[in-house]
Amino acid sequence: MTEPAFLADTRASYDAIADDYAAMFDDELAARPLDRALLGMFAELVRDTAVADVGSGPGRVTAYLAALGVDVFGVDLSPAMVELARRQNPGLRFEVGSMFALDLPDAALGGLLARYSTIHVPTERLPEVFAEFHRVLAPGGHALVVFQARTEPGRRTEAFGRAIALEYHRRPVDVVAAQMDAAGLAVRVRTVREPELELAFEYTPQAYLLGRKSGDRAG
């Protein structure tokens, strides 16, 4: 099956800017107390289960969750990002993979984090992604999806002095919540915060949606 162009472009773009991207966002959570609190809530819900950080990039949030006691591993589309994450976090597991076809058996996870990784997926393809999240989550498992809560799409053709081809999709909260609900990930928490304007790269509201797969967790 031919890979969609947006996946190939996303992989190539992040491969090109991996080191600079990691340096720019290295300490971003330090300026985001609410984000840390929401990640802490997620950690409480998924502790003692296997958790995937899907779109883990350089692994900084994977490492943050691990420090909170979560049995977490990272998955990213970009081989360069995965190599960087392994180098910076030698005690953690990182794999190359796509959120459209995770290399996991059914019901393998108690939790899944997708923090700004679905933003490169066209809205009409999101149901496929959420169906895959539903497949790999065990009954009672949680998915935390984080994205920019606006309506306009965009495209970057340059970053850090390098040519890229990176599309991103900011979406209304109701649209994403409806698609999660339709996929069987019932949204239990909706949090939208205003941008931290002191962060030069943040200028849109940020949404956190926590979905839960129906059924009771085994064990």
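Report follows, based on the coordinates.

What about the packing of aromatic side chains?
For step 1, the next point in the chain: Using the criterion set out here, one finds 4 aromatic pairs in the structure.
For step 2, the next point in the chain: Between the aromatic rings of Tyr-14 and Tyr-21, the centroid separation amounts to 5.6 Å while the plane-to-plane angle is 90°, which identifies the pairing as edge-to-face.
For step 3, the next point in the chain: On the accessibility criterion, Tyr-14 (15% relative accessible area) is buried.
For step 4, the next point in the chain: Each residue in the set Tyr-14, Tyr-21 and Phe-25 is aromatic and connected to the rest through ring pairs, giving one cluster.

Side note on the environment of Ala-108
For step 1, the next point in the chain: Locating Ala-108 in the fold gives a position in the loop between β3 (94–96) and β4 (109–115).
For step 2, the next point in the chain: With relative accessibility at 29%, the residue Ala-108 sits in the partly exposed group.
For step 3, the next point in the chain: Separated by 107 residues in the primary sequence, Ala-108 and Gly-215 place their C-alpha atoms 14 Å from one another.
For step 4, the next point in the chain: Contact partners of Ala-108, with chain neighbours within four places excluded, come to Ala-50 and Val-136.

Quick look at the nonpolar core
For step 1, the next point in the chain: Among the nonpolar cores identified, the biggest contains 36 residues, and Leu-109, Leu-112, Phe-130, Phe-133, Phe-147, Met-180 and Leu-209 are the most heavily contacted of them.
For step 2, the next point in the chain: For this core, the element with the highest residue contribution is helix α5 (residues 126–136), accounting for 5 residues.
For step 3, the next point in the chain: Residues within four places of Phe-133 in sequence aside, it is in contact with Val-54, Met-99, Leu-112, Ala-114 and Leu-185.
For step 4, the next point in the chain: In terms of nonpolar packing, the next biggest core, distinct from the first, is built from 17 residues, Leu-39, Phe-42, Val-70 and Tyr-116 among them.

What to know about empty space enclosed by the protein
For step 1, the next point in the chain: Taken as a whole and judged by the stated rule, the model has 3 cavities of 30 Å³ or more.
For step 2, the next point in the chain: Approximately 60 Å³ is the volume attributed to the largest cavity.
For step 3, the next point in the chain: The wall of the largest cavity is formed by Phe-73, Val-75, Glu-95, Val-96, Gly-97, Ser-98, Leu-102, Asp-103 and Leu-104.
For step 4, the next point in the chain: Elements supplying a minimum of two residues to the lining of the largest cavity: β2 (71–76) and β3.
For step 5, the next point in the chain: Along the lines of polarity and charge, the residues of the lining of the largest cavity split into 5 nonpolar, 2 polar and 2 charged.
For step 6, the next point in the chain: Roughly 40 Å³ of volume is contained in the second largest cavity.
For step 7, the next point in the chain: Lining the second largest cavity are Phe-6, Asp-9, Thr-10, His-120, Arg-155, Ala-165, Leu-166 and Glu-167.
For step 8, the next point in the chain: For the lining of the second largest cavity, the elements supplying multiple residues, two or more each, are α1 (5–24) and β7 (162–169).
For step 9, the next point in the chain: Considering only residue class, the lining of the second largest cavity consists of 3 nonpolar, 2 polar and 3 charged.

Describing the pairing of β2
For step 1, the next point in the chain: For β2, the buried fraction is high: 5 of the 6 residues fall into the buried class.
For step 2, the next point in the chain: Alignment of strand β1 (residues 50–54) against β2, held across 5 bridges, turns out to be parallel. The partner of Ala-50 across the bridge, within β2, is Asp-71.
For step 3, the next point in the chain: Where β2 lies against β3, 3 bridges are found, and the strand directions are parallel. Opposite Gly-74, over in β3, you have Phe-94 as the bridge partner.
For step 4, the next point in the chain: Following the chain from β2 across helix α4 (residues 79–88) to the adjacent parallel β3, one finds a crossover that is right-handed.

Rules and cut-offs
Residues numbered from 1 in each chain as written. Predicted model: local features only at pLDDT ≥ 70, side-chain atom pairs only at ≥ 80, totals over all residues. Heavy atoms only, no water. Phe/Tyr/Trp six-rings, centres within 6.5 Å; stacked < 30°, edge-to-face > 60°. Buried < 20%, exposed > 50% of the residue type's maximum accessible area, 1.4 Å probe, protein only. Helix = DSSP H or I, 4+ residues; strand = E, 2+ residues; numbered from the N terminus. Contact = heavy atoms within 4.5 Å. Core = buried A, V, L, I, M, F, W, Y, C linked by side-chain atoms within 4.5 Å. 1 Å grid on protein atoms, 1.4 Å probe; cavity = no way out; pocket = protein on both sides within 12 Å on 5 of 7 lines; lining within 4 Å. Points joined across faces, edges and corners; volume = space filled by probe spheres on them. Nonpolar A, V, L, I, M, F, W, Y, C, P; charged D, E, K, R; others polar. Pairing = 2+ DSSP bridges. Right-handed = clockwise from strand over helix to strand, strands pointing away.

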